[in-house]
Amino acid sequence: MEEFKIGLCPYCGMGCRFYIKTLNGQPIGIEPYPGGVNEGKLCPKGVAAVDFLRHKDRLKKPLKRTENGFVEISWEQAIKEIAEKLLEIREKYGPDTLGFFSSARCSNEENYLLQKIARLLGTNNVDHCARLCHASTVVGLAQTVGAAAQSGSYTDIPKAKVLLIWGYNPSETHPVLMRYILRARDNGAKIIVVDPRKTRTVWFADMHLQLKPGTDIVLANAMMHVIIEERLYDREFIMNRTKGFEKLIAAVQKYTPEYAEEITGVPAKLIREAAITFATAGRGIVMWAMGLTQHVTGAANVKALADLALICGYVGREGTGLFPMRGQNNVQGACDMAALPNVFPGYQKVTDDEKRKHVAEIWGVEDLPSKPGLTIPEMIDAAAKGELKALYIMGENPVMSDPNTKHVIEALKNLELLVVQDIFLTETAELAHYVLPAAAYAEKEGSFTASERRVQWNFKAIEPPGEAKPDWEILTMLGKALGLPKFDYSDVEDITREITLVAPQYRGITPERLKREVMGVQWPCPSEDHPGTPRLHVERFATPDGKANIIPVEFKPPAEEPDEEYPFILTTFRIVGQYHTLTMSNRSESLKKRWSSPYAQISPEDAKKLGIQDGEMIRIVTRRGSYTCRAVVTEDVSEGVIAVPWHWGANILTNDVLDPEAKIPELKVAACRVEKIGGC
């Protein structure tokens, strides 16, 4: 029998709806859903979203590592042995020798349960991949405007008069969102793109500020210098709704456009023109992604862009806003559910006695750990040193996604217990002691939160393969085996209802409502009769006194700069047809055929100096490793810059040095050299 079930795309953070077409219970295709934020449109990955569901590589039974490799075991044996080992390690070494990686590809309920297990076991060592993408945004926006989330809705974009798109290439990373951006352009908006590469988004821009990687603060400060010097700022907004402007005036004084040109490489005349265009538009939106955040100054970069929007009054009004764009389908939700080491669900600090007591009461315990836990890079370092003994990973693949791959592998091999819960045997799962088969998105129910804080219900369309189970069912089994209180969930809706008690922003977002309102609800939603909140900061900011904090920041150079041995700057990027570490997208034959192999962009000037022809094989070398790929000679990158899509394992090259505030690695800048191999 042929059926159509409403689905929710498992790829980026846009939150696209579609129909999953099934025949006799098997997925056979994707069909347009005439609604949702995607307005019936999909990107290449969305169109191929069922391709990996019945792939032959799907995990179907729990696996245990033995001297002879993996052997299949029962669920009862796997859960019993994992629980016993976790309790044994906690008893022998203490709770902070346990670590948990949660997942931006899993539902809110599943992220909620994993962090609950960690905290009930006595540790706040829980984190997820936001650490590698938007941890800078969480820190920067929390300090400036008090809420670590996109302030407006996609529908604000066509109403803007200027879009400042910084370190972000929506044409490839959120192609469906380009419909909103192009609608803004059709309405007369100017588009300013800041990016070290001439991306596809640049094709639609009025101005392209092609800065040197890692010099974002200089450029932002120079734009604010011009706006202040020309008195183009919003005096009334600054006076009534912010504080700290006087310190900003002093801080940006030295950042003249001419000074900025020397450091960024962007012509002073263009900086001046961009600043004036941005400030005089009247309604503006600032959008950013990992080109801005993945730096040793990532949190400061975000504060600089927030300052830029605030002094122009571009927050809290129609057609304005701060738009950090999420890369995975539930990064926002995983953050909201506290798959983070310093907060409980709803961003309630673990150090706050009153909040901690409130959560403890709901979970049926006297108290919870109050010391902030370790981040993902810190847990990897601790494992390498032998200080972390056990790691439970749900739906993450750090061997491919984290910087400095060799270090990650060495750390994981040093653990006494590594458990990986996933849909495929990933590069990380291959190192595990136990591998647990999970259900994919179309095989389970639960809620997901898109980039614009929109919470939507994910409906089940098909059964999981073999003995694979939804992650929430696996975690419920584990919680019971560990003897933890209040793990008697009979269905996923029980967990959603518990979230409404713990996370204030989700109070009115019940499972019944989400199933009824397919378009979802935007948080904060304080009660069941509240319509949700399309726009934040309308009357006051989410700070104690209701005013936004303008926080001046100073430029610091990247941790590695070119030298005689490594004369180039390496940067990384994403492409439209592949996703993250290839786990899902590279198991689609159509995507794999079109986007098949790794490459590196190199300028014609650098290629000529090294004698490299377009299409020849090259080797890129950094202080951490080497990487072989095909050269693409292009004017899309400046002389001295090498740009590589990271999906195929380029993180063997990247730098694991951290931003001191956000603890995000500097994935976007590393010193490298290029060696010609030859051949194609």
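Residues numbered from 1 in each chain as written. Predicted model: local features only at pLDDT ≥ 70, side-chain atom pairs only at ≥ 80, totals over all residues. Heavy atoms only, no water.

Considering the overall build of the protein chain
This is how the line gets drawn: Labels follow the DSSP assignment, with helices taken as runs of H or I lasting at least four residues and strands as runs of E lasting at least two, numbered in each case from the N terminus. Exposure is judged per residue with a 1.4 Å probe applied to protein chains only, and the accessible area is read against the type maximum: over 50% gives exposed, under 20% gives buried, and values in between give partly exposed. The criterion used for residue contact is that any of the two residues' heavy atoms lie within 4.5 Å. Per-residue accessibility takes into account occlusion by the displayed protein chains alone, with areas from the Shrake-Rupley method and a 1.4 Å probe. Working convention for charge: Lys and Arg count positive, Asp and Glu count negative, and His plus the chain ends are omitted. The location of each charge is read from NZ of Lys, CZ of Arg, CG of Asp or CD of Glu.
A count of helices and strands for the protein chain gives 24 helices and 28 strands. Put simply, the protein chain has 680 residues, and 64% of those count as buried. Within the protein chain, contacts between residues separated by at least 24 positions form 74% of all contacts whose residues are at least 6 apart in sequence. Working note: accessible area of the protein chain is about 23800 Å², and carbon and sulfur atoms make up 49% of it. Here the protein chain contributes 82 positively and 88 negatively charged side chains, and the mean placements of these two sets differ by 2 Å.

Considering the nonpolar core
As a reminder of what qualifies: Put simply, a nonpolar core is a bunch of buried Ala, Val, Leu, Ile, Met, Phe, Trp, Tyr and Cys residues held in one set by side-chain atoms that sit within 4.5 Å of each other.
Core analysis: the biggest nonpolar cluster contains 102 residues, and Ile157, Met287 and Tyr392 have the highest contact counts within it. It is helix α2 (residues 75-93) that provides the largest number of residues to this core, a total of 7 residues. By size, the runner-up hydrophobic cluster in this structure holds 55 residues, among which are Leu211, Val218, Leu270 and Ala309.

A few points about helix α16 (residues 353-363)
This is how the line gets drawn: When we speak of the arc, we mean the arc of directions from the helix axis to the C-beta atoms.
Here α16 has its buried residues at Arg356, Val359, Ala360, Ile362 and Trp363. Buried residues of α16, viewed axially, fall in a sector of 160°; they line one side. Those residues of α16 that are exposed and angled more than 90 degrees off the buried face are Asp353, Glu354, Lys357 and Glu361. In this structure, the buried residues of α16 make contact with α3 (108-120), β14 (343-344), β15 (348-349) and α21 (492-502).

A short note on the side chain of Arg241
Stated precisely, the cut-off is as follows: Polar contact criterion, stated in full: a pair of N or O atoms within 3.5 Å, where within protein one must be able to donate a hydrogen and the other to accept it, and residues adjacent in sequence count only if both atoms are side-chain atoms.
Checked against the element boundaries, Arg241 lands in helix α9 (residues 235-241). A polar contact is formed between the side chain of Arg241 and the backbone oxygen of His537, at a distance of 3.0 Å. Non-local contacts of Arg241, meaning those with residues more than four positions away in its chain, are made with Val315, His537, Val538, Glu539, Arg540, Phe541, Lys547 and Ala548.

A few points about the packing of aromatic side chains
Worth spelling out the cut-off: Between rings of Phe, Tyr and Trp, where Trp is taken as its six-membered ring, a pair exists when centres lie within 6.5 Å; planes separated by under 30 degrees are stacked, by over 60 edge-to-face, and by other angles tilted. Charge-over-ring placement is defined geometrically: NZ (Lys) or CZ (Arg) within 6 Å of the ring centre, and within 35 degrees of the ring normal.
Tallied over the entire structure, the rule returns 15 aromatic pairs. Plain terms: the ring middles of Tyr11 and Phe52 are 6.5 Å apart, the flat faces sit at 80° to each other, and that makes the pair edge-to-face. Highlighted residues: Tyr11 in the loop between β1 (2-8) and β2 (17-23) and Phe52 in the loop between α1 (44-47) and β4 (63-66), separated in sequence by 41 residues. Phe52 matches Tyr11 in its accessibility class, with the two residues each being buried. A network of ring pairs unites the aromatic residues Tyr11, Phe52, Tyr441 and Tyr579 as a single cluster. For Lys116, the ring lying beneath its charged end belongs to Phe487, and the centroid distance is 4.9 Å. Between Arg587 and the ring centre of Phe424, over which it is positioned, the NZ or CZ distance is 4.0 Å.

Here we look at the sheet that holds β2
Operational definition: Should DSSP find at least two bridges between two strands, the strands are regarded as paired. Angles here are taken between N-to-C directions and fall from 0 to 180 degrees, while the axes themselves are lines fitted to C-alpha atoms, restricted in helices to the stretch in contact.
Ordered in space as β1-β2-β3, the 3 strands form an open sheet in which the pairing is antiparallel. Single-partner strands in this sheet number two, and they are β1 and β3 (26-32). Pairs of neighbouring strands in the sheet enclose a mean axial angle of 35°, with direction left out of account. Across 6 bridges, β2 lies against β3 in antiparallel orientation. When the sheet's bridge partners are listed, Lys21 is paired in β3 with Gly29.

Overview of the domain arrangement of the protein chain
Heads up, the condition is: A domain assignment, automatic or from a database, supplies the domain bounds used here. The term buried area refers to how much accessible surface (probe radius 1.4 Å) is lost by two components on association, counted for both of them together. Only Asp, Glu, Lys and Arg are considered charged, only Ala, Val, Leu, Ile, Met, Phe, Trp, Tyr, Cys and Pro nonpolar, and every remaining residue, Gly among them, polar.
Once the domains are mapped, the protein chain shows domain 1 (2-54), domain 2 (63-118 + 330-479 + 506-522), domain 3 (151-325) and domain 4 (568-676). The distance between the C-alpha centroids of domain 1 and domain 4 comes to 30 Å. Between domain 1 and domain 4, the residue contacts involve 8 residues of the former and 12 residues of the latter. Between domain 1 and domain 4, roughly 790 Å² of surface is buried when both sides are summed, and carbon and sulfur atoms account for 70% of that area. Of all residues in domain 1, Tyr11, Lys45 and Phe52 bury the most surface against domain 4, accounting for 58% of the area lost on that side. For the interface between domain 1 and domain 4, the tally reads 3 residue pairs in polar contact (both at pLDDT 80 or more). Taken together, the residues of the side of domain 1 that touches domain 4 break down into 6 nonpolar, no polar and 2 charged.

Focus on the packing of α2 against helix α20 (residues 471-481)
Counted only if it meets this: Roughly parallel means an angle under 35 degrees; roughly antiparallel means over 145; roughly perpendicular covers 65 to 115; every other angle is labelled oblique. Crossings are assigned a handedness: left-handed for a near helix turned anticlockwise from the far helix by less than a right angle, right-handed for a clockwise turn.
Relative orientation of the contacting elements α2 and α20 amounts to 55°, with a least axis distance of 9 Å. Relative to α20, the element α2 is oriented oblique. Every pair of crossing elements has a handedness; the one defined by α2 and α20 is right-handed. Counting all contacts with α2, which are made through Trp75, Ile79, Ile82, Ala83 and Leu86, the residues of α20 involved are Ile474, Met477, Leu478 and Ala481. Its residues placed into classes, the contact of α2 with α20 shows 9 nonpolar, no polar and no charged.

Some thoughts on the pairing of strand β18 (residues 434-437)
The alternating pattern of β18 places Tyr434 and Leu436 on one face and Val435 and Pro437 on the opposite face, and all of these are buried. Pairing analysis gives 2 bridges linking β4 to β18, with the strands arranged antiparallel. In the strand pairing of β18, Leu63 is matched with Val435. Note: strand β17 (residues 417-422) against β18, 4 bridges, orientation parallel. Within β18, the residue paired with Asp422 across the bridge is Pro437.

Quick look at the packing of helix α11 (residues 257-264) against helix α12 (residues 268-280)
For the pair α11 and α12, the least separation of the axes is 8 Å and the interaxial angle reads 115°. For the pair α11 and α12, the sense of crossing is right-handed. Note on element contacts: α12 touches α11 through Ala268, Ile271 and Arg272, opposite Pro257, Glu258, Ala260, Glu261 and Thr264. A breakdown of the residues in the contact of α11 with α12 according to their chemical character gives 4 nonpolar, 1 polar and 3 charged.

Details of unusual backbone geometry
The linkage connecting Trp523 with the following residue, Pro524, adopts the cis geometry, with an omega of 0°. Here Pro524 shows up in the loop between β21 (521-522) and β22 (548-549). Residue Asn24 is not a glycine yet carries a positive backbone phi of 55°. Mapping Asn24 onto the fold places it in the loop between β2 and β3.

Topic: the sheet that holds strand β20 (residues 454-458)
The 3 strands are arranged β19-β20-β21 in an open sheet whose pairing can be described as antiparallel. Each edge of the open sheet is held by one strand with a lone partner, namely β19 (446-449) and β21. Contacts from α3 reach β19 and β20, with the element oriented near 95° to β19.

As for the pairing of strand β13 (residues 321-324)
Along β13, one buried face is formed by Gly321 and Phe323 and the opposite face, lined by Leu322 and Pro324, is buried too. Note that strand β12 (residues 284-288) and β13 share 4 bridges and pair parallel. Bridge pairing links Val286 to Leu322 in β13.

Focus: the pattern of salt bridges
How we decide: For this document, the term salt bridge refers to a Lys or Arg side-chain nitrogen within 4 Å of an Asp or Glu carboxyl oxygen.
Inspection of every chain in the model, using the stated rule, returns 42 salt bridges. Two residues, Glu675 and Arg673, come together in a salt bridge whose shortest N-O distance is 3.0 Å. What makes Glu675 partly exposed here is its relative accessible area of 23%. Three or more residues are tied together by salt bridges with common partners; here these are Glu560, Asp563, Arg623 and Arg624.

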